[in-house]
Amino acid sequence: VVAILLFSCTIRRERNLCVKLLDVGKLEKMRSKWKQLGIRNYSFNYRIWRGMPFVCAKVKVTDGVGKVQFTKGDEYRHTERIASIDDAFDYILKRYIIHKKHFDKGEIFNLYYSSNDFSKSEKYNDEYFFPEYFVVSYEYEDYDPKMIGSGAGYSVVISDFKVLE
């Protein structure tokens, strides 16, 4: 049944056949668990894709203040900047609010939040609770399967997380 649904989702492209909204309650629960750890010194890498070249960066957080070094996509540093794990939570929630508004107005459809294998919901780190991998896809009202650009989405990947002394 799951394979049929995924096949239908990617081939048939019917309006709102594939809808999976972000579990905001879980996002906030994981944010709370992250904050309870009280980690103020750490580093990580992140990658964001939004239909443009990837934005890749290395982040070092010292006493709760992050410094970002872009390794790719520096031209997007103002819009795709994540300077802490708290920023990652905020980025995902902010993007979700924007997409949900457009979805509720009927301007986009087939809004789908998933992990990298599309079999489960969001992927959080088991030990530190931060979001490791999110993929979001959706289609515009004027979807045409022959036309590139009527579908869209983004992904956020956080990797190489390390607690620093």
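See the structure printed just above.
Residues numbered from 1 in each chain as written. Predicted model: local features only at pLDDT ≥ 70, side-chain atom pairs only at ≥ 80, totals over all residues. Heavy atoms only, no water.

A. Examining the overall build of the chain more closely. Check the secondary structure of the chain and you find three helices and seven strands. Burial analysis of the chain (165 residues in total) assigns 39% to the buried set. Considering only contacts within the chain whose residues lie at least 6 apart along the sequence, 57% involve residues at least 24 apart. (Helix = DSSP H or I, 4+ residues; strand = E, 2+ residues; numbered from the N terminus. Buried < 20%, exposed > 50% of the residue type's maximum accessible area, 1.4 Å probe, protein only. Contact = heavy atoms within 4.5 Å.)

B. Representation of the packing of aromatic side chains within the structure. Summed over all chains, the structure comprises eight aromatic pairs. Plain terms: the ring middles of Y124 and F134 are 5.8 Å apart, the flat faces sit at 85° to each other, and that makes the pair edge-to-face. On the criterion of sequence distance, the pair formed by Y124 in strand β5 (residues 123–124) and F134 in strand β6 (residues 131–140) is long-range, its members being 10 residues apart. You'll find Y124 and F134 in the same group, each marked buried. Measuring from ring centre to ring centre gives 4.8 Å for F130 and F161, while their planes differ by 40°; the resulting arrangement is tilted. Separated by 31 residues along the polypeptide, F130 in the loop between β5 and β6 and F161 in strand β7 (residues 151–163) bring together distant segments of the chain. (Phe/Tyr/Trp six-rings, centres within 6.5 Å; stacked < 30°, edge-to-face > 60°.)

C. Here's a closer look at the pattern of salt bridges. In the structure shown here, the tally under the stated rule is five salt bridges. Salt-bridge contacts for R31 lead to D90; the nearest nitrogen and oxygen are separated by 2.7 Å. Within this pair, whereas R31 is found in helix α2 (residues 24–37), its partner D90 is found in helix α3 (residues 85–104), the two being separated by 59 residues in sequence. For R31, a relative accessible area of 11% gives the class buried. Given the relative accessible area of 38%, D90 is considered partly exposed. Note that D104 and K100 form a salt bridge whose closest N and O atoms lie 2.6 Å from each other. In this pair, D104 and K100 both sit in helix α3, four residues apart, roughly one turn of the helix. (Salt bridge = Lys/Arg side-chain N within 4 Å of Asp/Glu carboxyl O.)

D. Representation of the packing of α2 against α3 in the model. Packing of α2 against α3 brings their axes to within 11 Å, and their N-to-C directions diverge by 170°. In this view, α2 runs roughly antiparallel relative to α3, as classed from their interaxial angle. Residues V24, L27, E28, M30, R31, W34 and K35 of α2 form the contact with α3, whose own contacting residues are I85, D86, F89, D90, I92, L93 and Y96. Residues that form the contact of α2 with α3 fall into these classes: nine nonpolar, no polar and five charged. (Axes fitted to C-alpha atoms, helices over the stretch in contact; angles between N-to-C directions. Parallel < 35°, antiparallel > 145°, perpendicular 65-115°, else oblique. Nonpolar A, V, L, I, M, F, W, Y, C, P; charged D, E, K, R; others polar.)

E. Just α3, in detail. Its 20 residues place the ends of α3 29 Å apart at the C-alpha level, agreeing with the 28 Å of an ideal helix rising 1.5 Å per residue. Of all the positions in α3, only I85, A88, F89, Y91, I92, L93, R95, Y96, H99 and F103 are classed as buried. Backbone nitrogen of D86 and a side-chain oxygen of the N-cap are separated by 3.4 Å at the start of α3; the cap is S84. Backbone geometry just after α3 places G106 at a positive phi near 80°. (Expected span 1.5 Å × (residues − 1). Polar contact = N/O pair within 3.5 Å; in protein donor to acceptor, adjacent residues only side chain to side chain.)

F. Broad picture of the nonpolar core. Ranked by size, the top nonpolar core spans 39 residues in total, and within it F44, Y46 and I85 carry the most contacts. Only α2, β1 (42–49), β2 (55–62), β3 (65–72), α3, β4 (108–114), β6 and β7 provide two or more residues apiece to this core. Examining the composition of this core, we find that eight residues originate from one element, α3, more than from any other. Not counting residues up to four positions away in its chain, the partners in contact with F44 are A57, K58, V59, I82, S84, I85, I158, S159, D160 and F161. (Core = buried A, V, L, I, M, F, W, Y, C linked by side-chain atoms within 4.5 Å.)

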